[in-house]
Amino acid sequence: MKIIRTVNEMQETAVSLLKNNKTIGFVPTMGFFHEGHIALMEQAKQENDIVVSSIFVNPLQFGPNEDYEQYPRDEEQDLTYADTAGVDIVFIPTTQEMYPRKMVINLDISDRVNVLCGRSRPGHFQGVVTVLSKLFHIIHPNKAYFGRKDAQQVAVVNALIEDLNFPIELVALPTIRESDGLAKSSRNVNLREKERKDATWIYKALENGRQLVVDGEKNPDIVVKEVLDTIDTHTSGKIDYVELLSYPELQAISVIEQEVILATAVYFEGARLIDNLLFDKNGKIVERLFK
Ligand code: AMP
């Protein structure tokens, strides 16, 4: 496995791979790998000649009072995991390498961001699309792999690729969970012991909500209330939001009659956790998106 730390070397390597008719699968990450990241890498390995994964904790996507400094990092362990997963190239740029000066060109996102995490994290998705646009130009992937755990990110990246005609196929893979249902996240290590136990209720609450739809409920407000009540009753966390919206458009709906996202974010002292379920009008989980 090769480690590349400069934009120039990464770009030259990618161009030369493409000249040799190699396909590139790209897995962008912020590091501190867990099985969620590994699943993306393994899928990329199956579908491409070369797998490139980036590790970059992107300051642009963190707000002033967010956990940029506390975000867990462990490069040595990440390299071992990536190697085992079959990654061919790890791109690890410094902040200076990615942003040598203040950006002059800024992307404006008009839709899909005034709900869910976009509402409570102003500027977050602008930071995400900025770094991804740069990484796409540096790495030239044929396919890019994302986790549905960050389903709003997937919806925004889908728009980025379509609106700006990046010649990239978006692959969005299912959320990998702990055995008790908690969605795997690099941030889980920052949870206190009691918070970690409470956190299992996030997935249970979403599942309770989905079950109502399986049983015939069509009113999003009733489903949302079920999730709110369950999280409220069983955890010490402060709920940021629970929302049920159309997917991937992320529009408010009054009747559940299409594919939807049921999503929540909960603040614990140690970390802010997010989770979601994507399902159809009958409550059936949507297995694979955009493919
Ligand atoms: P991050 O390092 O948190 O930015 O995540 C990098 C990629 O891994 C993103 O596309 C995430 O959606 C994805 N990811 C993170 N956690 C999970 C998970 N539990 N299951 C599947 N994908 C995940």
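For the structure, see preceding data.
This text gives an overview of the structure that appears in the document.

Cut-off values and rules
- Residues numbered from 1 in each chain as written.
- Predicted model: local features only at pLDDT ≥ 70, side-chain atom pairs only at ≥ 80, totals over all residues.
- Heavy atoms only, no water.
- Pairing = 2+ DSSP bridges.
- Helix = DSSP H or I, 4+ residues; strand = E, 2+ residues; numbered from the N terminus.
- Axes fitted to C-alpha atoms, helices over the stretch in contact; angles between N-to-C directions.
- Contact = heavy atoms within 4.5 Å.
- Parallel < 35°, antiparallel > 145°, perpendicular 65-115°, else oblique.
- Left-handed = near helix turned anticlockwise from the far one by under 90°.
- Nonpolar A, V, L, I, M, F, W, Y, C, P; charged D, E, K, R; others polar.
- Near = heavy atom within 4 Å.
- Polar contact = N/O pair within 3.5 Å; in protein donor to acceptor, adjacent residues only side chain to side chain.
- Areas by Shrake-Rupley, 256 points an atom, 1.4 Å probe, with all protein chains shown as cover.
- Core = buried A, V, L, I, M, F, W, Y, C linked by side-chain atoms within 4.5 Å.
- Buried < 20%, exposed > 50% of the residue type's maximum accessible area, 1.4 Å probe, protein only.
- Salt bridge = Lys/Arg side-chain N within 4 Å of Asp/Glu carboxyl O.

### Focus: the sheet that holds strand S7 (residues 238–246)
Judged by pairing direction, the sheet is antiparallel, and its three strands sit side by side in the order S7-S8-S9 without closing on themselves. Two strands in the sheet have a free side with no partner beyond their single neighbour: S7 and strand S9 (272–279). Looking at each pair of strands side by side, their axes are set apart by 10 degrees on average, direction ignored. In this structure, S7 lies alongside strand S8 (residues 260–267), joined through eight bridges in antiparallel fashion. Counterpart to Tyr241 in the pairing with S8 is Ala265. On top of the sheet, helix H10 (residues 220–234) reaches S7 and S8; it is set at about 155 degrees to S7, its chief contact.

### A short note on the packing of helix H9 (residues 200–214) against H10
One can describe the packing of H9 onto H10 by two numbers: an axis separation of 8 Å at closest approach and a directional angle of 155 degrees. Taken as axis vectors, H9 and H10 run roughly antiparallel relative to one another. Regarding H9 and H10, the two cross each other, and that crossing is right-handed. Residues Trp201, Ala205, Leu206, Asn208, Gly209, Leu212 and Val213 of H9 form the contact with H10, whose participating residues are Ile222, Val223, Glu226, Val227, Thr230, Ile231 and His234. The class makeup of the residues in the contact of H9 with H10 is nine nonpolar, four polar and one charged.

### Description of the site of the ligand
Close to the ligand lie 18 residues, the nearest being Met30, His37, Asp150, Ile176 and Lys184. His37 is positioned such that a nitrogen or oxygen atom in its side chain is 2.8 Å from an oxygen atom of the ligand. In this structure, a nitrogen atom belonging to the ligand sits 2.8 Å away from a main-chain N or O atom of Ile176. Bound to the protein, the ligand loses 93% of the 480 Å² it would expose on its own. Per-element tally for the shell around the ligand: the top contributor is helix H2 (residues 35–47), with three residues.

### What to know about the nonpolar core
Soluble globular proteins tend to pack their nonpolar side chains together in the buried interior. Counting residues in hydrophobic clusters, the biggest one holds 51 residues, and the most contacted among them are Met10, Phe91, Met98, Phe136, Ile139, Tyr247 and Ile261. In terms of residues, this core owes the most to one element, helix H6 (residues 124–139), which gives nine residues. Filtering out sequence-adjacent residues up to four positions away, Ile139 remains in contact with Met10, Ala14, Ile24, Phe26, Val52 and Phe91.

### A few points about the sheet that holds strand S3 (residues 50–55)
Taken in spatial order, the six strands of this open sheet run S1-S4-S3-S2-S5-S6, and their pairing is parallel. This sheet does not close on itself; its edge strands, each paired only once, are strand S1 (2–4) and strand S6 (169–173). Between one strand axis and the next, the sheet turns by 25 degrees as a mean value, whatever way the strands run. Alignment of strand S5 (residues 143–147) against S6, held across five bridges, turns out to be parallel. Residue pairing across strands places Tyr145 opposite Val171, the latter belonging to S6. Sheet strands in contact with H2 are strand S2 (24–29), S3, S5 and S6, and its direction is about 155 degrees off that of S5.

### Here we look at the pattern of salt bridges
The tally for this structure, following the rule as stated, stands at 16 salt bridges. The salt bridge involving Glu9 is made with Lys2; its shortest N-O contact spans 3.5 Å. Owing to a relative accessible area of 40%, Lys2 belongs among the partly exposed residues under this scheme. Asp275 is the salt-bridge partner of Arg177, the closest N and O atoms lying 2.8 Å from each other. Taken as a pair, Arg177 in the loop between S6 and helix H8 (193–198) and Asp275 in strand S9 lie far apart in primary sequence, 98 residues in all. One network of salt bridges, in which partners are shared, links Glu35, Glu178 and Lys184.

### Observations regarding the packing of H6 against helix H7 (residues 151–163)
For the pair H6 and H7, the least separation of the axes is 11 Å and the interaxial angle reads 50 degrees. Classified by the angle their axes make, H6 and H7 are oblique. Where H6 crosses over H7, the two elements pack in a sense that is right-handed. Packed against H6, whose contacting residues are Phe125, Val128, Val129, Leu132, Ser133 and Phe136, the element H7 presents Gln152, Gln153, Val156, Val157, Leu160 and Ile161 at the interface. When the residues that make up the contact of H6 with H7 are grouped by side-chain class, the tally is nine nonpolar, three polar and no charged.

Remember, this is a structural readout, not a statement about activity or role.
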